[in-house]
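If you want the building blocks of each chain, they are given just below.
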Amino acid sequence: MTRDVKFNHEALPPLATLEREWRTLEAVARPSFFTSWQWIGTLLAAMPAADRPGLLHGAAGGETVGLALLGAGTTRRRHGLVGSRALYLNETGDPRFDALTIEHNGILAPAGREAPVFDAVVEWFADLGDVADELYISGSALRLSDPVVERRGLGQSEITLPSYSLDLGLLSSSAGELHPVLSANARQQLRRAFRHFERYGPLQLSTAATTAEALAFFSELKILHCASWERRGRKHSFSSEFFEPFHRLLIERSFAAGGTQLLRASAGSRVIGYLYNFRYGDRIYAYQSGFADSDRHERPGAVTHALAIRHAFQSGARIYDFMAGRNRLKESFSTQCEPMLWQVLQQPRLAFRLEHLGRRLKHAINARKLLSAVQQHDRASRRIRPAWSRFVN
């Protein structure tokens, strides 16, 4: 089946034409929110026309069986010693626009044909030869096929992050309350957090009812999000100039159809947090948040997510997706952890082989330094222990 699929890198057609083709294929596919036209179409609409990526188009027997955006750019790393003409799947190759951080990325393909179509992309890239050096596939749950990669003599690397989700079906006995899936300690901590905030008044979750209200919630989320990250001295999502206008446009385009959700949690008159979620089918993606977390002893994030999870269950969703990245809340509330992969395919270039060799040597040197430090610590411990024994015997 892989040999039957032929991919081509094409110029982007008019957006109305692409939308028709994308939505036609989407109707027979199992896309994520990030490979749906809601995300893809908004990305293209929000970008200057001159900066838009191209199109990767796959066909078999005259039928479209694969679609993805294909960005391009030139990168230099290792102090400028390694250069690369890189391609980017469903990204632009421009850091200004790619700060959105895509996940659940992949080729839009008919349901059941995702793996062979993905393999066909590897074959297409291998056939490019000197046209491109690397293909970046960011935030994908589908791993590249090792046999295909090895057969074509390509190099590959990957960075893996844990991606957490909650099976809402496990909450049927509790009508959406979290306690059936929590450890005893986590249940106790969540109850304590609920009781703490209930001192300010009844806990409630408000859902934005109109696009205008959703945009107002988003503005309030921004204030809390930025304040929280700045208190910790860390860069936040709104640091990117493209982030806010893109998401405002996404809300405007998708809120009415239920693709975006803005939620506000409060205790009496006190607001404790906002969530900005996506929904595609029966899956909720917890994409962004802003919490009133200036008091380190409070847990507004846990309470806000617990209320949102109950809301998701009651709305008929099946999966509450915390997405990639590890933290204590995700580990406590999730029932599944899967790898999310940032993968790079490489043509067989000498520069890449030398780069990989240098990386392995660096790791080996660091491992040897660590081993030496451990051995020195052990020797020091053996010297100290007899001297210390005089005082305890």
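Residues numbered from 1 in each chain as written. Predicted model: local features only at pLDDT ≥ 70, side-chain atom pairs only at ≥ 80, totals over all residues. Heavy atoms only, no water.

## Let's talk about the nonpolar core
Piece 1. The biggest cluster of nonpolar side chains holds 42 residues, and the ones touching the most others in it are W22, W39, Y276, F278 and Y287.
Piece 2. With seven residues, helix α7 (residues 211-231) is the largest single contributor of residues to this core.
Piece 3. Dropping the residues within four chain positions of it, Y287 is found in contact with F34, W39, L100, T101, F243, H247, Y276, N277, F278 and M323.
Piece 4. Residues V181, F194, A312 and A317 belong to the second largest nonpolar core, which totals 33 residues. (Core = buried A, V, L, I, M, F, W, Y, C linked by side-chain atoms within 4.5 Å. Buried < 20%, exposed > 50% of the residue type's maximum accessible area, 1.4 Å probe, protein only. Helix = DSSP H or I, 4+ residues; strand = E, 2+ residues; numbered from the N terminus. Contact = heavy atoms within 4.5 Å.)

## Here we look at the packing of helix α2 (residues 37-46) against helix α8 (residues 243-254)
Piece 1. Following both chains from N to C, one finds α2 and α8 inclined at 130°, their axes separated by 9 Å at the closest point. In terms of axis orientation, α2 runs oblique to α8. Both α2 and α8 take part in a crossing whose hand is right-handed. Note on element contacts: α8 touches α2 through F246, H247, L249, L250, R253 and S254, opposite W37, Q38, W39, G41, T42, L43, A45 and A46. (Axes fitted to C-alpha atoms, helices over the stretch in contact; angles between N-to-C directions. Parallel < 35°, antiparallel > 145°, perpendicular 65-115°, else oblique. Left-handed = near helix turned anticlockwise from the far one by under 90°.)

## Considering the pattern of salt bridges
Piece 1. This model, assessed by the stated rule, comprises 17 salt bridges.
Piece 2. In this structure, E244 and K222 form a salt bridge, with 2.8 Å as the shortest nitrogen-oxygen distance. Here K222 lies in helix α7 and E244 lies in helix α8, a separation of 22 residues in the sequence.
Piece 3. R231 is the partner of D293 in a salt bridge, and the nearest nitrogen-oxygen pair spans 2.4 Å. Here D293 is found in the loop between β10 (283-291) and α9 (300-314), whereas its partner R231 is found in helix α7, with 62 residues between them in sequence.
Piece 4. D293 gets classed as partly exposed once you look at its relative accessible area, which sits at 23%. (Salt bridge = Lys/Arg side-chain N within 4 Å of Asp/Glu carboxyl O.)

## Focus on helix α1 (residues 15-26)
Count 3.6 residues to each turn of an α-helix, and residues three or four apart come out pointing the same way.
Piece 1. Under the 1.5 Å per step criterion, the end-to-end length of α1 is 16 Å for 12 residues, consistent within 8% with the ideal 16 Å.
Piece 2. Among all positions of α1, only L18, W22, L25 and E26 are buried. Along α1, the residues classed as buried sweep out an arc of 100° about the axis, all on the same side. Exposed side chains of α1 directed beyond 90 degrees from the buried face belong to R20 and T24. (Expected span 1.5 Å × (residues − 1). Arc of directions from axis to C-beta.)

## So, the environment of F217
Piece 1. The topology assignment puts F217 in helix α7.
Piece 2. C-alpha separation for the pair F217 and R264, spaced 47 residues apart in sequence, amounts to 7.3 Å.
Piece 3. What F217 contacts, discounting residues up to four positions off in sequence, is S206, T207, A208, L262, L263, R264 and Y274.

## Re the packing of aromatic side chains
Piece 1. Inspection of every chain in the model, using the stated rule, returns 24 aromatic pairs.
Piece 2. Ring geometry for F243 and Y287: centres 6.5 Å apart, planes at 10°, overall stacked. Highlighted residues: F243 in helix α8 and Y287 in strand β10, separated in sequence by 44 residues.
Piece 3. Over the face of the ring belonging to W229 we find R232, whose NZ or CZ atom lies 4.5 Å from the ring centre.
Piece 4. R270 extends its terminal NZ or CZ atom over the ring of Y200, reaching a point 4.7 Å from the ring centre. (Phe/Tyr/Trp six-rings, centres within 6.5 Å; stacked < 30°, edge-to-face > 60°. Lys NZ or Arg CZ within 6 Å of the ring centre and 35° of its normal.)

## Looking at the side chain of S163
Piece 1. Following the sequence through the fold, S163 ends up in strand β6 (residues 155-167).
Piece 2. Apart from residues lying up to four places away in sequence, S163 is in contact with D321, M323, A324, Q336, C337, E338 and M340.

## Thoughts on the confidence of the model for the protein chain
Piece 1. Looking at the protein chain as a whole, its pLDDT mean stands at 90, while 86% of the residues score no less than 70.
Piece 2. Ignoring residues within four places in sequence, the model shows residues 383-393, a span with pLDDT below 50, making zero contacts including any to other chains. (pLDDT = per-residue confidence, 0-100.)

## What to know about unusual backbone geometry
Piece 1. The phi torsion at A175 lies on the positive side, around 55°, for a residue other than glycine.
Piece 2. Mapped onto the elements, A175 comes out in the loop between β6 and α6 (184-198).
Piece 3. Relative accessible area serves as the criterion here: at 44%, A175 is assigned to the partly exposed category.
Piece 4. Positioned with a positive phi, M323 is a non-glycine residue whose angle comes to about 70°.
Piece 5. Tracing the backbone through its elements, the reader meets M323 in strand β11 (residues 319-324).

## A look at the packing of α1 against α2
Piece 1. It is the contact of α1 with α2, at a shortest axis distance of 10 Å, that shows an interaxial angle of 165°. It follows that α1 is roughly antiparallel to α2 by the angle criterion. Handedness of the crossing formed by α1 with α2: right-handed. From α1, L15, L18, E19, W22, R23 and E26 reach across to α2, where they touch W37, I40, L44 and A45.
Piece 2. Its residues placed into classes, the contact of α1 with α2 shows seven nonpolar, no polar and three charged. (Nonpolar A, V, L, I, M, F, W, Y, C, P; charged D, E, K, R; others polar.)

## Quick word on the environment of G316
Piece 1. By the secondary structure assignment, G316 is in the loop between α9 and β11.
Piece 2. Here the alpha-carbon distance between G316 and G169, two residues 147 residues apart in the chain, equals 9.5 Å.
Piece 3. Other than its neighbours up to four places away in sequence, G316 contacts R279 and D282.

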